[in-house]
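# Observations on the model geometry
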Amino acid sequence: MSRQQQQEEESVPADGGSDGDTAAPVMATPPPMEADAGTELVFRSVDAFYDEFLSQVVRRRVDGVHLAWCADWWSHPEAIARIATLWRAFEHLRLDPALGMSHWWLHHADPHLAALMDPRTGPFTLCAGPDGHSTEIGPLPGNPSPPEMWDHPAFSVDAAEAADTEAEATAAEEAGTQGPGQ
């Protein structure tokens, strides 16, 4: 089992669902956000980015019919992943004085917000009712795939590393059989 598969199994409860907590499920943590040397981040965290920028700038009539949103957005893994992505892209693209923010809006914010706020298919679909936040939507269904299906460098870092190791061993073996001067 790969390290990534182990982390994913550890991050999901055995029943595949929530343990009843209102907090978001444990997810694989992305690497820390770091600014380039000498560049300060505008927002030091995802929640600061959401509270101080995104929720203040993006204003929509959220009615559950045309657009959906959940006040407990941080309880939805997809929302966390998308908003963290928006934050990272914002911090990077804001440094481009010409088209950075235009690029951020058109190619990052607009598609992510459309996916999040879709009242039919978004993660907040069931949160728009009178009861507010709902955890009834579970993860996408999926049956285990045959492991050998992913034994190709295009699909697996482990397979790529194994192919590199095999190529190095073959090259070393060929170099060793030829000997000096052959």
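Here the structure is a predicted model, which means the values were calculated and not measured.

Turning our attention to the overall build of the chain. If you tally the helices and strands in the chain, you get five helices and zero strands. Traced from its N-terminal end to its C-terminal end, the chain shows the element sequence α-α-α-α-α. For the chain, with 182 residues in total, the buried portion stands at 23%. Of the roughly 13000 Å² of accessible surface on the chain, a fraction of 54% belongs to carbon and sulfur atoms.

Attention now moves to the pattern of salt bridges. Once their charged atoms are close, side chains differing in charge can pair, the charge on each being opposite to the other. Inspection of the entire model under this criterion finds four salt bridges. With its nearest N and O atoms 4.0 Å apart, the salt bridge here joins Glu 40 to Arg 44. You can call Glu 40 exposed: its relative accessible area is 58%. Here Arg 120 and Asp 118 are joined by a salt bridge, their closest N and O atoms 3.9 Å apart.

Looking at the chain, pLDDT values average 80 and 74% of them are 70 or higher. Low pLDDT, under 50, characterises residues 1-26; the predicted model gives this stretch 13 contacts beyond four residues in sequence or across chains.

Turning next to the packing of helix α3 (residues 77-93) against helix α4 (residues 100-117). Following both chains from N to C, one finds α3 and α4 inclined at 175°, their axes separated by 10 Å at the closest point. With respect to their mutual orientation, α3 and α4 come out roughly antiparallel. Judged by residue contacts, Glu 78, Ala 79, Arg 82, Ile 83, Thr 85, Leu 86, Ala 89, Phe 90 and Leu 93 of α3 engage Gly 100, Met 101, His 103, Trp 104, His 108, Ala 109, Pro 111, His 112, Ala 115 and Leu 116 from α4. Taken together, the residues that form the contact of α3 with α4 break down as twelve nonpolar, five polar and two charged.

Rules used in this analysis
- Residues numbered from 1 in each chain as written.
- Predicted model: local features only at pLDDT ≥ 70, side-chain atom pairs only at ≥ 80, totals over all residues.
- Heavy atoms only, no water.
- Helix = DSSP H or I, 4+ residues; strand = E, 2+ residues; numbered from the N terminus.
- Buried < 20%, exposed > 50% of the residue type's maximum accessible area, 1.4 Å probe, protein only.
- Areas by Shrake-Rupley, 256 points an atom, 1.4 Å probe, with all protein chains shown as cover.
- Salt bridge = Lys/Arg side-chain N within 4 Å of Asp/Glu carboxyl O.
- pLDDT = per-residue confidence, 0-100.
- Contact = heavy atoms within 4.5 Å.
- Axes fitted to C-alpha atoms, helices over the stretch in contact; angles between N-to-C directions.
- Parallel < 35°, antiparallel > 145°, perpendicular 65-115°, else oblique.
- Nonpolar A, V, L, I, M, F, W, Y, C, P; charged D, E, K, R; others polar.

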